[in-house]
Amino acid sequence: MTQQYIDALLALAVSQARAVNIPVSQNIRPQVRLNRRARTRFGCCVRRDGAYTIELSELLARQGEERAILQVLCHEVLHTCYGCSNHGARWKGYAQRMNSAYGYHIRRTDNYGALGIEDDRPVRYWVVCARCGRRIPRMKRSLLVDHPERYRCPCGGTLRVERAGNNPPENGKT
C-alpha cells in the first residue's frame, strides 16, 4: 500500500473516532511513519513537542488487509486522547466504543494471526501444555521459557519448554 493510502486510512480513523464523540487530539500529524524494524508491535503512538506521530509496521502495511491496518491505526489514535497514554479504563472504554460502532476488535495487544499477516520470525522454543497439548511459539528467551513452572495454560494445565526441533532444553533452561 502506498504512503498516501496509509495516510488516508489514518484520516479515516481520526474521523471515525470523532464521529462517535471520542476526544482525540487535534495535534495528530497527518503522515504515518512506517517502521521497517518493528517485528513484534504493529503500531505506536509517539508524542513529541505536543504533537502525535502514528507509526505503523511496514510489514503490516505490506501484508495486511485494509481493515487490519485501519484497526491498528484506530488503536493508536485512541492513545492521543487525554488520559489514554496507556491501556487503562478510559482507553478501554474508547476502544469498546469504536468496536461497537465499527465492528473492530481493538484490544490492548494483537497478533499476526488476528491481523491476517504471516509470522515469519524463527521459532526457537515451544511452550507445550501437558493437559491440552497447546503449543505456544516463542522466538526468544523469556521468563516463561526459563520458568514454565510459574505459569499455567488457559486450560489450567502445566507447561514445559521444548527447543524448536523438539529437543527439550536441559533442566528447563537454555
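The structure we're discussing is the one just above.
Cut-offs applied
Residues numbered from 1 in each chain as written. Predicted model: local features only at pLDDT ≥ 70, side-chain atom pairs only at ≥ 80, totals over all residues. Heavy atoms only, no water. 1 Å grid on protein atoms, 1.4 Å probe; cavity = no way out; pocket = protein on both sides within 12 Å on 5 of 7 lines; lining within 4 Å. Points joined across faces, edges and corners; volume = space filled by probe spheres on them. Helix = DSSP H or I, 4+ residues; strand = E, 2+ residues; numbered from the N terminus. Nonpolar A, V, L, I, M, F, W, Y, C, P; charged D, E, K, R; others polar. Core = buried A, V, L, I, M, F, W, Y, C linked by side-chain atoms within 4.5 Å. Buried < 20%, exposed > 50% of the residue type's maximum accessible area, 1.4 Å probe, protein only. Contact = heavy atoms within 4.5 Å. Salt bridge = Lys/Arg side-chain N within 4 Å of Asp/Glu carboxyl O.

Quick word on the layout of surface pockets
1) Next: Here the largest pocket is characterised by a volume of approximately 910 Å³.
2) Next: Residue lining of the largest pocket: 29 residues in total, with Thr 40, Arg 41, Phe 42, Thr 109 and Asp 110 positioned closest to the centre.
3) Next: Elements that contribute at least two residues to the lining of the largest pocket include exactly β2 (43–48), α3 (66–78) and β5 (135–138).
4) Next: For the lining of the largest pocket, the leading source of residues is α3, giving 4 residues.
5) Next: Looking at the lining of the largest pocket residue by residue, the class counts come to 8 nonpolar, 10 polar and 11 charged.

A few points about the nonpolar core
1) Next: Within the largest apolar cluster, 38 residues are counted, with the highest numbers of intra-cluster contacts made by Ile 22, Leu 56, Leu 60, Leu 73 and Met 98.
2) Next: When residues of this core are traced back to their parent elements, those giving at least two are α1 (3–19), β3 (51–57), α2 (58–63), α3, α4 (89–102) and α5 (112–115).
3) Next: Tallying contributions element by element places α3 first for this core, with 8 residues.
4) Next: Excluding its chain neighbours within four sequence positions, the residues that come into contact with Met 98 are Ala 13, Gln 16, Ala 17, Val 20, Ile 22, Cys 74, Leu 78, Gly 103, Tyr 104 and Ile 106.
5) Next: In this structure, Val 145, Cys 153, Leu 159 and Val 161 belong to the second largest nonpolar core, which totals 9 residues.

Comments concerning the pattern of salt bridges
Oppositely charged side chains are able to pair whenever their charged atoms sit close together.
1) Next: Tallying each qualifying case throughout the model produces 8 salt bridges.
2) Next: Among the ionic pairs, Arg 36 bridges to Glu 58, the shortest N-O distance being 4.0 Å. Of this pair, Arg 36 sits in the loop between β1 (33–35) and β2 while Glu 58 sits in helix α2, and the two are 22 residues apart along the sequence.
3) Next: Classification of Arg 36 by relative accessible area gives exposed; the value is 71%.
4) Next: Across the salt bridge formed by Arg 160 and Glu 162, the nearest N and O atoms sit 2.9 Å from each other.
5) Next: Overall, the relative accessible area of 9% leaves Glu 162 in the buried class.
6) Next: Salt bridges sharing common partners tie together Arg 33, Arg 41 and Glu 55.

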